[in-house]
Amino acid sequence: MAEIVLDKVTKRYPDGALAVSDVDITIGDGEFIILVGPSGCGKSTTLNMIAGLEDITEGELRIDGKRVNERAPKDRDIAMVFQSYALYPHMSVRENMAFPLRLAHVDNATVTKKVEEAARILDLTQHLDRKPGNLSGGQRQRVAMGRAIVRSPKAFLMDEPLSNLDAKLRVQMRTSVAKLQRRLGTTTVYVTHDQTEAMTLGDRVVVMRGGLVQQVGSPQALYEQPTNLFVAGFIGSPSMNFLPATLADGQLQTPLGPVPLSDRIRRLVEAANAPSEVIVGLRPEHFEDAALLDEGERGRGGRFTATVDVLESMGSDKYAYFTVEGETATSAELDELAAESGSTEMTDDGSQIVTRLSAASGAREGAELEVWFDEDKLLLFDPSDGRNLTYAG
Amino acid sequence: MSQTAERTADTPVSPPAKKAVSEGKKAERKLGLWLCAPAALVMIAVTGYPIIYSIWLSLQRYDLRFPDQQKFVGLENYVTVLSNSYWWTAFGVTAMITVISVAIELVLGMGLALVMHRTLVMRGLVRTVALIPYGIVTVVAAFSWRYAWTQDTGYLAQLFAPDSALLTQRVPALAIIILAEVWKTVPFMALLLMAGLALVPDDLLKAASMDGASAWQRFTKVMVPVMKPAILVALLFRTLDAFRIFDNIFVLTSGAQETGSVSMQTYNNLIKGLNLGIGSTMSVLIFIAVAVIAFIFIKVFGTSAPGSDDGRKR
Amino acid sequence: MAVIGATASSGAKTRWALIDIVVVIYALVPVLWIVSLSFKTKETLTDGNFIPRSWTLQNYRDIFNTSEFLRALLNSIGIALIATVIAVVLGTMAAYAIARLDFPGKQLLVGASLLIAMFPQVSLVTPLFEMERTLGLFDTWPGLILPYITFALPLAIYTLSAFFREIPWELEKAAKMDGATPAQAFRRVIAPLAAPGVFTTAILVFIFCWNDFLFAISLTSTTSSRTVPAALSFFTGSSQFEDPTGTISAAAVVITIPIILFVLFFQRRIVAGLTSGAVKG
């Protein structure tokens, strides 16, 4: 059990490239913290620095109050689970899990006891004498976990441990990892590029981009109060809709029509000293089929009518896709998010919006639909630097 | 371009970028160099220096039987060799053996590769047995072929030409040399091609047959193009190897009846003639010929040299 | 493949079996012929029959009674083993550096060894002959070991660096995280994984050295360092008038045995080694 403190930790490669810059995080004892971000954001480098597999260029790393920058990985008492699992192919499952204990010269009886206990927890008992090559992906993953937990280290580091599993198994293993961490209560740093994993697993989430920490907070806080356009777009699935808008006289001119600002938002925007050209962000679930709402509810939001391009029925909800005529929102952050998700869909004829409607909605593909949205939930961003103009702190 | 240049010039370079490589990097470089040094030294000592020495020798009159007459003669040795009909005969024989045997090897090797890759029964056995010609000592195989074709006493001679001494006639002797060469090297060719075959995804062949390609079309339109890099590497290896043919000829005919290769000529000049000047000249000429072949393969056909950059990026 | 195999008719299997038999005959007949010759008696040696009419071990007794062959066999084994050990050690070091480390001159080394792999050996015979005479290495073991190492090194470096690239080096990190020192990580994790590659390379290098003929007849002049392939071509039989066919065949069979054993036991590895070095796949 340990508290891990990253104090202005920076990684600069010999060629001058800055991989991680001034990371300041205090990870509490027993906390489950997630580092998330697109590839190349510095999350794995940060993890490797905590592990001791990469040197820290500047700043200090403290575990339980002691500076460990110069300590070799083996002297940090930290276990790590790798994306490829890194199981030793020439050793059986039992030998793999016993390996850290053997290196620590633990006596045989204890080794056997601990390995068997870990195998029981992870449901690997009947596979102990097999080689990793004969195991399924999920079993290998569990062996990797077993090798980490067997010596009761101060902390676990996990580098995308689930990304090599298929979708269904990943969801299952996600739950097991969370349960295991709760049960052991060991400080855990977990790296992923998958925002769903980040949202579901962590006590707190650290969003990184280009070597910089964007925001640290609970999943809910990141979702509701992103500090900037990048976090807003990265967290949430399907992701937030962004539209260009003009701010004038307490009113917002959007491609969906004029939207009056609520008092709460107006105050925040004024305090933030907002420019007149802004980007408005709306999450899919803040839309609804206007026909399903009563008069009172309808009045508390904006409405627009558009043709449904595509309708996806999920059973519990319906996702309706619309094209909104006019300019599209542009900013460096949005470009990066688009590149990350691989969407090259650069529509010339307007912005795509995704809305999540109740299953009861009568929306049909190709037909017009009147859609309502919650004006009080909208977020405004400064296109020049991406900051959230409606951030309440 | 100019814009980029300007920007880099204006941007102040951050100090760490200018700083010499870090300690870890330095240690890595040093270790790398130390680890490679012994191998590199041996290779330079046994090939680099001798090549230069050989060029120098080729410019000398230097006959070990008359060591007193050693002197610098410029390109005279080259004129002697290149105006000598024996050299050109040997060169022609070598080129012919190379072209014919490599062509046959490619066809048979491809067939064997397909058999080893696709056979439904006894795959392990076929792969094991096919390795025997590769592994066997060339001289041993050559003796086997010689005794097989010896008049009256060989089983093949009795079978095909009971009344003539084939190894003493030029054309049949050359054919036997090619046979011996082909037998020995088809498995190696096949192994290289099989590695290429493994790179052809099964789905691709299934897709091609869904698209209506016949077996032959699948082979020529899908397999061969995908395997092209492997085929070219195999051809390059074998061509250069065939060009230095020596063992088979030495045992089968000793180069009689104008069946000698350029390697035979060089050996004869050196060991039998003890003429270092002429021998070195031939060495240099063979080296040039091989370099030209390699150059043609790499530049014209775009053969990628194995172990080069793209090999590491995988 | 498995699916195709499962649905294949017995007709297809028979067809493949026939093709396989053709391959087996192709590969084995010349070998069996020399084996057959080695067992023939002097009287039936020249009868041209593929299978001996009468069998004898006399040829083997003859060669093992001549110091000429025993000496050559000793030379062959000694020279090939020493050259193999040195080439594999040097090759392993260089291949590790090429596969794992970043250092200047790496491309140059790779290029140079490629060049040597394709080098016409005969081009080196003349200068080496002269140099070795000057240095007193002519007709000695080192005089053959050195060129063998040189020409085996490119083979060793390619094969080994291909093997080394296959090793998941993340395991080294994992071992460090599990508490291993760098030495422990190498000894307990990396070395066991690298061993098969090193072993395979050793077999290929040994076959190469064992096979050489050109250097063996050019750089030796007496039995003191002549290897079996070279000695074979100088065999004359026990008397001047005797046909040496039987003894040559017996000697040929003897030096073929190690090759056959390697092929039988290490087929998979030899195939993997030959193909990994030549084709990146």
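Structure: above.
Residues numbered from 1 in each chain as written. Chains lettered and ligands numbered in written order. Predicted model: local features only at pLDDT ≥ 70, side-chain atom pairs only at ≥ 80, totals over all residues. Heavy atoms only, no water.

Q: I'm lost on the overall build of chain A in this one. Help?
A: Looking only at helices and strands, chain A features 11 helices and 21 strands. Along the first, second and third principal axes, the C-alpha atoms of chain A reach 75 × 45 × 35 Å. Looking at the 393 residues of chain A, the share that counts as buried comes to 53%. The contacts of chain A with a sequence gap of at least 6 include a subset with a gap of at least 24, amounting to 72%. (Helix = DSSP H or I, 4+ residues; strand = E, 2+ residues; numbered from the N terminus. Buried < 20%, exposed > 50% of the residue type's maximum accessible area, 1.4 Å probe, protein only. Contact = heavy atoms within 4.5 Å.)

Q: Any chance you could explain the overall build of chain C here in plain terms?
A: Secondary structure summary: chain C contains 12 helices and 0 strands in total. Sequence-ordered secondary structure for chain C, helices as α and strands as β, is α-α-α-α-α-α-α-α-α-α-α-α. When the backbone C-alpha atoms are referred to their principal axes, chain C occupies close to 75 × 70 × 35 Å. With 281 residues in all, chain C has 55% of them scored as buried. Taking as baseline every contact in chain C between residues at least 6 positions apart, the subset at least 24 positions apart corresponds to 71%. Accessible surface, chain C: about 11100 Å² in total, of which carbon and sulfur atoms supply 69%. (Areas by Shrake-Rupley, 256 points an atom, 1.4 Å probe, with all protein chains shown as cover.)

Q: In this structure, what is going on with the pattern of salt bridges? I would like to understand it.
A: Pairs can form between side chains of opposite charge whenever their charged atoms are close. Residues and elements named next belong to chain A. In this structure the tally under the stated criterion is 32 salt bridges over all chains. The closest approach of N and O atoms between Lys-11 and Glu-54, which form a salt bridge, is 3.8 Å. Pair noted here: Lys-11 is in strand 1 (residues 4-12) and Glu-54 is in the loop between helix 1 (43-51) and strand 4 (58-63), with a separation of 43 residues, a long-range link. Of the charged contacts, one joins Glu-160 and Lys-43 as a salt bridge, the two residues approaching to 3.9 Å between their closest N and O atoms. Of this pair, Glu-160 sits in the loop between strand 7 (155-159) and helix 5 (167-184) while Lys-43 sits in helix 1, and the two are 117 residues apart along the sequence. Judged by relative accessible area, Glu-160 falls into the buried class, the value being 9%. (Salt bridge = Lys/Arg side-chain N within 4 Å of Asp/Glu carboxyl O.)

Q: What exactly am I supposed to notice about the sheet that holds strand 13 (residues 257-260) of chain A here?
A: What links the strands of a sheet is backbone hydrogen bonding, and the strands pair in either a parallel or an antiparallel sense. Residues and elements named next belong to chain A. Pairing is antiparallel in the open sheet, where 5 strands are placed in the order 13-12-11-14-21. The two strands at the open ends of the sheet, each matched to only one other strand, are strand 13 and strand 21 (379-381). The sheet shows a mean angle of 40 degrees between the axes of neighbouring strands, direction not considered. As judged from the 3 bridges shared by strand 11 (residues 241-248) and strand 12 (residues 251-254), these two strands associate in the antiparallel manner. Bridge pairing in strand 12 places Leu-247 opposite Leu-252. (Pairing = 2+ DSSP bridges. Axes fitted to C-alpha atoms, helices over the stretch in contact; angles between N-to-C directions.)

Q: What exactly am I supposed to notice about the interface of chain B and chain C here?
A: With 103 residues of chain B in contact, the opposing surface of chain C contributes 100 residues. Interface area for chain B against chain C, summed over the two sides, is near 9000 Å², with a carbon-plus-sulfur share of 76%. Inspection of the region where chain B meets chain C yields 0 salt bridges. Linking chain B with chain C are 11 residue pairs in polar contact (both at pLDDT 80 or more). Per element, the largest residue contribution to the side of chain B that touches chain C is 23 residues, and it comes from helix 3 (residues 23-58) of chain B. (Buried area = accessible area lost by both parts, 1.4 Å probe. Polar contact = N/O pair within 3.5 Å; in protein donor to acceptor, adjacent residues only side chain to side chain.)

Q: What's the story with the nonpolar core in this structure? I'm lost.
A: When a protein is soluble and globular, its nonpolar side chains tend to lie buried together. Residues Ile4(A), Leu6(A), Leu157(A), Val189(A) and Leu232(C) are the most contacted members of the largest nonpolar core, which totals 218 residues. In terms of residue count, helix 9 (residues 170-197) of chain B provides more of this core than any other element does, 16 residues in total. Counting 54 residues, the second-largest nonpolar core is a separate cluster that includes Ala119(A), Phe156(A), Val177(A) and Ala232(A). (Core = buried A, V, L, I, M, F, W, Y, C linked by side-chain atoms within 4.5 Å.)

Q: Please clarify how the sheet that holds strand 2 (residues 18-27) of chain A should be interpreted in this entry.
A: Residues and elements named next belong to chain A. In spatial order, the strands read 2-1-4-5; together these 4 strands make up an open sheet with antiparallel pairing. For this open sheet the edge positions go to strand 2 and strand 5 (66-67), each flanked by a neighbour on one side alone. Sheet topology places strand 1 next to strand 4; 5 bridges connect them, and they run antiparallel. The residue of strand 4 that forms the bridge with Leu-6 is Leu-61. Running over the sheet, helix 1 touches strand 1, strand 2 and strand 4 and is turned about 120 degrees from strand 1.

Q: Can you help me understand the pairing of strand 3 (residues 32-36) of chain A in this one?
A: Residues and elements named next belong to chain A. Most of strand 3 is tucked away: 5 of the 5 residues are buried. Where strand 3 meets strand 8 (residues 187-192), 5 bridges bridge the pair, whose relative direction is parallel. Bridge pairing in strand 8 links Val-36 to Thr-192. In this sheet, strand 9 (residues 204-209) lies alongside strand 3 in parallel orientation, the contact comprising 4 bridges. The partner of Ile-34 across the bridge, within strand 9, is Val-205.

Q: Got a minute to help me understand helix 3 (residues 108-121) of chain A in this structure?
A: An α-helix turns once every 3.6 residues. As a result, residues three or four positions apart point the same way. All names here are of chain A. When the terminal C-alpha atoms of helix 3 are compared, their 20 Å separation across 14 residues agrees well with the 20 Å that a helix rising 1.5 Å per residue should span. Those residues of helix 3 lying buried are Val-111, Val-115, Ala-118 and Ala-119. An end-on view of helix 3 places all buried positions within 100 degrees of arc, on one side of the element. Of the residues in helix 3, the exposed ones pointing more than 90 degrees away from the buried face are Ala-109, Lys-113 and Arg-120. Buried-residue contacts for helix 3 involve helix 2 (93-103) and helix 4 (137-149). Among the residues trailing helix 3, Asp-123 stands out with phi positive, at a value near 60 degrees. (Expected span 1.5 Å × (residues − 1). Arc of directions from axis to C-beta.)

Q: Please explain helix 5 (residues 85-118) of chain B as it appears in this structure.
A: Here helix 5 of chain B is 34 residues long and its end C-alpha atoms lie 48 Å apart, about the 50 Å a rise of 1.5 Å per residue gives. Measuring from the backbone nitrogen of Tyr86(B) back to the side-chain oxygen at the start of helix 5 of chain B gives 2.6 Å, which picks out Asn84(B) as the cap.

Q: Sorry, what's going on with a nonpolar patch on the surface here?
A: Taken together, Ile288(B), Val292(B), Phe295(B), Ile296(B), Val300(B) and Phe301(B) make up a surface patch of nonpolar side chains, about 560 Å² in accessible area. Mapped onto the secondary structure, Ile296(B) falls in helix 14 (residues 276-300). (Patch = residues over 30% accessible without salt bridge, like charges linked within 9 Å, V, L, I, M, F, W, Y side chains within 5 Å.)

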